[in-house]
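A look at the structure
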Amino acid sequence: MEAVVLVGGFGTRLRPLTADTPKQMLPVVDRPMIEHVVAHLAAHGVTRVVLSLGFRPEAFTAAYPDGTCAGMPLHYAVEPEPLDTAGAVRFAALDAGIDGTFLVLNGDVLTDLDVTAMVARHREAGAWGTIALTEVADPSRYGVVPFDEDRRVLGFVEKPPADEAPSRWINAGTYVLEPEVLDRIEAGRRVSIEREVFPALAAEGLLRAEPSEGYWLDTGTPEAYLRANLDLVDGTRSDLPAVHPTASVADGVGIRRSVVMAGASVGSGVDLCDAVVMDGATIGRGSSVRGSLVGPGAALGEGASVAGGCVVGPGASVPAGADLEGGRFPEEA
Ligand code: GDD
Ligand code: MG
């Protein structure tokens, strides 16, 4: 089985962290996000990953110059221009010569979905496509997917107003597709799989639902990206070491549910709580970081306080004694 992984978006909601880095190349604790995604696919027998690239493809090709990622053979499909989700799938599948049943993934989703079982049920049902679903409290930020007791998909509504969502089950961003679906995607223009292709196929009764209750997280917002990191060190998903072996942390620093990445440096008297300190960042003496992200190479002066979902941009310098609550720093980033 081959998988097309969509990694070509601009990552707008994660700026300034994604100003120069695609979100799937941002680290999640110890590795770029894409490596977590690829390792999960490898565990389910996927033999080749087709990366559907748009924004900054060189970030991937430079990181995996031998064409393998976490031991998985890669095919790079670089779009000439952003083609949106369905256009990207079509372009990548044809570029890679896919001609059998294949997987498609939104590359910014971390999940423990049982892909093997999903593929088996897809084949049994003889559907054109199967969409993994997860249940959320607020479906309005996602693709909402009503389905019947036979798991037939009844419709697909992308990002409906909160009070109009027909279901709390949403598109979890993993699909099993038959190659026939590619013929339903017009060539050479932007086509959204969520707004055009899936609604049409659902109306014809060709799509199957795969509801799942396992771990699922779309990392596309600062809050979610922070959570993706913390979930791997606080026992929610695993207990990876919270402090990278190459980071330097002064004695007596308070670290609660936080991640300190490679080469970062944390001074004495610092307090970290629900914090992510990214590669090479420096946290000055007596500072505190709570519920916030400090970007790679950023520096907090002594006694600074960063809290409330704040995102400090890559390489930014927060002055000593500054008090940041939420938002981005610098603000124009
Ligand atoms: N190659 C390519 N080209 N990739 C793209 C493009 C494009 O033009 N546009 C977006 N992508 C990639 C993004 O990098 C991301 O991995 C994936 O496609 C989904 O895009 P997002 O921007 O993250 O979409 P979303 O989170 O708002 O919504 C999508 O995901 C939800 C679940 O996480 C939709 O599929 C929703 O229906 C779904 O519920
Ligand atoms: Mg997303």
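For the structure itself, consult the block above.
Just so it is clear, the model here is predicted, and its values are computed rather than measured. (Residues numbered from 1 in each chain as written. Chains lettered and ligands numbered in written order. Predicted model: local features only at pLDDT ≥ 70, side-chain atom pairs only at ≥ 80, totals over all residues. Heavy atoms only, no water.)

**Section: the site of ligand 1**
Neighbouring ligand 1 are 27 residues, the closest being E79, E158, N171, E194 and D218. Within the side chain of N106, a nitrogen or oxygen atom sits 3.0 Å from an oxygen atom of ligand 1. Here an oxygen atom of ligand 1 and a backbone polar atom of N171 are 2.7 Å apart. For ligand 1, whose accessible area on its own is 740 Å², the fraction buried by protein is 91%. Taken together, the elements giving at least two residues each to the shell around ligand 1 come down to α3 (84-96), β12 (169-177) and β14 (216-218). Along the lines of polarity and charge, the residues of the shell around ligand 1 split into 10 nonpolar, eight polar and nine charged. (Near = heavy atom within 4 Å. Polar contact = N/O pair within 3.5 Å; in protein donor to acceptor, adjacent residues only side chain to side chain. Areas by Shrake-Rupley, 256 points an atom, 1.4 Å probe, with all protein chains shown as cover. Helix = DSSP H or I, 4+ residues; strand = E, 2+ residues; numbered from the N terminus. Nonpolar A, V, L, I, M, F, W, Y, C, P; charged D, E, K, R; others polar.)

**Digging into the nonpolar core**
By size, the foremost hydrophobic cluster in this structure holds 54 residues, and its most contacted members are V5, I34, L41, V49, L51, L103 and Y225. Residues lining this core come from more than one domain, with at least three contributed by each of domain 1 (2-220) and domain 2 (241-329). The contacts of L41, once residues within four sequence positions are left out, are A3, V5, V46, V49, M72, L103 and L105. A92, I98, V181 and V197 belong to the second largest nonpolar core, which has 33 residues in total. (Core = buried A, V, L, I, M, F, W, Y, C linked by side-chain atoms within 4.5 Å. Buried < 20%, exposed > 50% of the residue type's maximum accessible area, 1.4 Å probe, protein only. Domains from an automatic or database assignment. Contact = heavy atoms within 4.5 Å.)

**Some thoughts on the pattern of salt bridges**
Tallied over the full model, the rule gives 21 salt bridges. Here E210 makes a salt bridge to R151, at a shortest N to O gap of 4.0 Å. Residue E210 is found in strand β13 (residues 207-211), and its partner R151 is found in the loop between β10 (143-144) and β11 (157-158); the two are separated by 59 residues along the sequence. Given a relative accessible area of 29%, R151 falls into the partly exposed group. (Salt bridge = Lys/Arg side-chain N within 4 Å of Asp/Glu carboxyl O.)

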